Amino acid sequence: MPDVFLLGAGFSRALSDDMPLLDELSELIRGELSDSTCDGLSITQHIVLDDSSAVGFERALSLLATDQPWLNIEENLRNRALFVEMTNALTRVLGMRQNRALAYPPPNWLIDLVRKWHERRCVVITLNYDTLLEKAYAQAVGDTEHFHYSTTYPHAIMSTASLRASILGGGTSYNDTITLLKLHGSINWLYSGSANYRGETLFHVPMDGAWTPDLLTGPDSLHDRRLDKTPLIIPPTAGKTGYFGNEAVDGLWALASASLKRTERLTIMGYSLPATDTAVVDLLRTSLHPEARWNRNLVVDVVDINEGAADHYRKMIPAVNSQQWMPGTESNPIADFVSRYASDGQDS
């Protein structure tokens, strides 16, 4: 019964100030949209994009990604096109910000944490789109050959190399290392961009395994290797219905639920559990309920810079008794927590 970790945007921000939070990401994406796109926005699109708050950004993505009953087919198609353009902008923004973070050595606590995850075969559920964890793996474990996307990503996702008539790579079972469940997609995951992609094969662009910036434009860049695909970015909103139904995506959520039911220890890092993200709220409420858990002994640590984070979790998920982890000698509660977790024995 491995330890389970749930990561939000605050986790990536803790390892680098260059990694944006959701409200910052909203502004950055708007800045990436072309002038022609902004000039051609409909009234509905103007209204949903004018709210620059994190909640407003979530609602905008939700509305644009799904058909609305009061809009005609032309308006819904234009909304869908704008959503795809925004996800491409999000990928560009996160790629650039991630490269900034990769220009500096990773924090020691990140290496210690990833190494401990590997040793304990932990399940890491992340709601982040970046690939900093994947890139920290080789340096933390010291084995560039052991990590494969086909092992750490436990679902059927193919390399884009297969689109050029290459064969699929093998690899050992993902149980031999970290299990990484990226419930909201990833900047290097690709699909057709269709509103209905049930049964569709998902692809990933292999990233450089070292803690170094990636080539974002030009020949053989991440963008060049996408071919005719678009990034799979699942909105952090209530309106995920259109994104469920693909077997690989649904399988990720099912594995997350099974891991939550089985674990004796859940650590939540940098995730505020917004009420608007009803899919994650319901995932936690149902999977962590005492009647659903396969093991009734559960310790939940909420590692967050906001003092009321644990109280918020207790209100949102009444069946769970969450305890707050606050900074000790360091100003970063995540680094402080990792210092203790990485030095604990297997029975901690």
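Refer to the preceding data block for the structure.
Source: prediction; values computed, not measured.

1. A word on the overall build of the protein
For step 1, the next point in the chain: Across its full length, the protein holds 13 helices and ten strands.
For step 2, the next point in the chain: Look at the contacts in the protein between residues 6 or more apart in sequence, and 75% of them connect residues 24 or more apart.
For step 3, the next point in the chain: Surface accessibility of the protein: about 15300 Å² in total, with carbon and sulfur atoms responsible for 52%.

2. A closer look at the layout of surface pockets
For step 1, the next point in the chain: Its volume calculated, the largest pocket comes out at about 820 Å³.
For step 2, the next point in the chain: In terms of lining residues, the largest pocket is bounded by 35 residues, among which G8, A9, G10, L21 and G270 are the most central.
For step 3, the next point in the chain: Element by element, the count of residues in the lining of the largest pocket is highest for helix α1 (residues 9-15), at five residues.
For step 4, the next point in the chain: For the lining of the largest pocket, the per-class residue count stands at 19 nonpolar, ten polar and six charged.

3. Brief notes about the packing of aromatic side chains
For step 1, the next point in the chain: Counted under the stated rule, the structure contains seven aromatic pairs.
For step 2, the next point in the chain: The interplanar angle of 15° and the centroid separation of 5.9 Å between the aromatic rings of F337 and Y341 together place this pair among those described as stacked. Separated by four residues within a single helix, F337 and Y341 lie in helix α13 (residues 333-343), roughly one turn from each other. Accessibility assignment for this pair places F337 and Y341 in one class, buried.
For step 3, the next point in the chain: Each residue in the set F5, F11, W109, W117, F337 and Y341 is aromatic and connected to the rest through ring pairs, giving one cluster.
For step 4, the next point in the chain: A cation sits over an aromatic face here: R120 above Y341, 4.6 Å from the ring centre.

4. A closer look at helix α4 (residues 43-50)
For step 1, the next point in the chain: Within α4, burial applies to Q45, V48 and L49. For α4, the angular spread of buried residues about the axis comes to 95°, placing them on one side. Set apart from the buried face of α4 by more than 90 degrees, the exposed residues are I43, I47 and D50.

Calculation notes
Residues numbered from 1 in each chain as written. Predicted model: local features only at pLDDT ≥ 70, side-chain atom pairs only at ≥ 80, totals over all residues. Heavy atoms only, no water. Helix = DSSP H or I, 4+ residues; strand = E, 2+ residues; numbered from the N terminus. Contact = heavy atoms within 4.5 Å. Areas by Shrake-Rupley, 256 points an atom, 1.4 Å probe, with all protein chains shown as cover. 1 Å grid on protein atoms, 1.4 Å probe; cavity = no way out; pocket = protein on both sides within 12 Å on 5 of 7 lines; lining within 4 Å. Points joined across faces, edges and corners; volume = space filled by probe spheres on them. Nonpolar A, V, L, I, M, F, W, Y, C, P; charged D, E, K, R; others polar. Phe/Tyr/Trp six-rings, centres within 6.5 Å; stacked < 30°, edge-to-face > 60°. Buried < 20%, exposed > 50% of the residue type's maximum accessible area, 1.4 Å probe, protein only. Lys NZ or Arg CZ within 6 Å of the ring centre and 35° of its normal. Arc of directions from axis to C-beta.

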